[in-house]
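Observations on the model geometry
Each chain, written out:
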Amino acid sequence: MEKKIYNKIKKYNTIVIARHIGPDPDAIASQFALRDSIKLTFPNKKVYAVGIGVAKYRSYGDLDKTPDVSNEKALLIVVDVPNISRIDGVNFDDFKEVIKLDHHPLEDKMGTLEIIDESASSACEIIARLIFNTKLEMNVKVAENLFLGIASDSDRFLLPTTSPSTFRIVSKLIDNYHLDLKKLYNMLYEKPLNDFRFQSFLALNMTVTENGFAYMKITSEMIKEYGVDSSTASNLVNNFNYIKEVIAWAFVSYDERQELYKVNIRSRGPIINEIAIKYNGGGHKYASGARIKDVSLVDKLFEELDNACKDYNENINPEIN
Ligand code: AMP
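Residues numbered from 1 in each chain as written. Predicted model: local features only at pLDDT ≥ 70, side-chain atom pairs only at ≥ 80, totals over all residues. Heavy atoms only, no water.

Assigned secondary structure in the chain consists of eleven helices and eleven strands. Viewed in the frame of its principal axes, the chain has a C-alpha envelope of about 60 × 40 × 40 Å. Per-residue burial for the chain yields a buried fraction of 53% across its 321 residues. If the 41 positive side-chain charges of the chain are averaged to one point and the 45 negative ones to another, these points end up 6 Å apart. (Helix = DSSP H or I, 4+ residues; strand = E, 2+ residues; numbered from the N terminus. Buried < 20%, exposed > 50% of the residue type's maximum accessible area, 1.4 Å probe, protein only. Lys, Arg positive; Asp, Glu negative; His and termini not counted. Charge placed at Lys NZ, Arg CZ, Asp CG, Glu CD.)

Below, the structure is given as structure tokens:
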């Protein structure tokens, strides 16, 4: 499949690389790594990484303006997103062919060619394999972005999708391109003191049910009081892993621009994406999100997550039985 994808890339002169709305480091890094690798290999091709930018990821690279491809034969490569409705910045129907490279559970069939590997730690791991296994080229910048995506989406090699293959790829990136890990970890994990104080506030004030479900409804007042950004909950949710009394956790905050509640959900026990899907959400088995219009549905979602924890404790969790 990797060779076939390489041949398709070789065939097209105009290639657009898109990822999901509300990008995280893996989404951003995977589109930059792939774009820069294709440009390095084929300097005459026009290759664009598109979508709305996020200020804190500016140092990963520069996004491109979406080109008008309606009058030419162009290839779309979609990375790190399983459903068409969440692709950012392109008109799907304008493209002659579509390739999908993703590590989420399969949702929409999109492409002529697809690599969908749920067992991969990240979209960046899939793209690193594609580059290493074909004639696509790499340089330090590409290797840095691949490292950022893999380290971030594997939660610094903590999540169960971290495999021997993940370590082999990372080892090769570090070794071949002499990556400056201190610089890269700063890019991923340095945060303002206000965020850190807000994290402590969440730890002190979140509700923890007897079933091991922790949640917090973050209000605009809390955000204002701590002087943090409204997206801070999304940045902090991964830091609540490995709390002994907590097996699943969720933070909800109100997105005033989109007029909906944004929920970040994580688990180290019950499978949560099947629940998130019912609330205009989705994601991975243990890392999901949802977007909810009606506040009463937030409570319903939390109730379902709490029940999933109860069920997990009663039927699966060997520590508790
Ligand atoms: P987040 O909590 O925003 O970091 O998202 C965790 C995972 O869930 C990522 O893989 C997202 O792509 C996915 N996700 C978040 N929100 C949604 C949504 N509304 N619909 C589908 N997938 C989502």
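Moving on, we come to the pairing of strand 3 (residues 75-79). Counting buried positions along strand 3 yields five of five residues, so the element is predominantly enclosed. Every second residue of strand 3 is oriented toward a common face, with Leu75, Ile77 and Val79 on one face and Leu76 and Val78 on the other, all of them buried. Two elements, strand 1 (residues 14-18) and strand 3, share four bridges in a ladder whose sense is parallel. Counted as the bridge partner of isoleucine 17 is isoleucine 77 from strand 3. (Pairing = 2+ DSSP bridges.)

So, on to the nonpolar core. Counting 48 residues, the largest nonpolar core has Ile9, Ile15, Leu34, Ile38, Ile77, Leu101 and Leu146 as its most contacted members. Looking at this core element by element, the count peaks at seven residues for helix 4 (residues 140-153). By size, the runner-up hydrophobic cluster in this structure holds 20 residues, among which are Ile247, Ala250, Ala290 and Leu301. (Core = buried A, V, L, I, M, F, W, Y, C linked by side-chain atoms within 4.5 Å.)

Quick look at the site of the ligand now. Lining the immediate surroundings of the ligand are 14 residues, of which His104, Asn264, Arg266, Asn280 and Gly282 lie closest. Side-chain polar atom of arginine 266 to an oxygen atom of the ligand: 2.9 Å apart, as the coordinates give it. Contacts to the ligand include asparagine 280, whose backbone N or O atom sits 3.0 Å from a nitrogen atom. Taking 480 Å² as the accessible area of the ligand by itself, protein coverage stands at 88%. Elements with a contribution of two residues or more to the shell around the ligand: strand 9 (260-267), strand 10 (281-283) and strand 11 (287-292). Looking at the shell around the ligand element by element, the count peaks at five residues for strand 11. Partitioned by chemical class, the residues of the shell around the ligand number two nonpolar, nine polar and three charged. (Near = heavy atom within 4 Å. Polar contact = N/O pair within 3.5 Å; in protein donor to acceptor, adjacent residues only side chain to side chain. Areas by Shrake-Rupley, 256 points an atom, 1.4 Å probe, with all protein chains shown as cover. Nonpolar A, V, L, I, M, F, W, Y, C, P; charged D, E, K, R; others polar.)

Attention now moves to the domain arrangement of the chain. By the assigned domains, the chain splits into domain 1 (2-189) and domain 2 (193-320). Taking only C-alpha atoms, the centre of domain 1 and the centre of domain 2 are 28 Å apart. Of the residues lining the interface, eleven residues belong to domain 1; the matching set on domain 2 comes to eleven residues. Buried area between domain 1 and domain 2, summed over both chains or domains, comes out near 770 Å², and the portion from carbon and sulfur atoms is 46%. The tally of links between domain 1 and domain 2 comes to zero salt bridges. In this assembly, domain 1 and domain 2 are joined by two residue pairs in polar contact (both at pLDDT 80 or more). (Domains from an automatic or database assignment. Contact = heavy atoms within 4.5 Å. Buried area = accessible area lost by both parts, 1.4 Å probe. Salt bridge = Lys/Arg side-chain N within 4 Å of Asp/Glu carboxyl O.)

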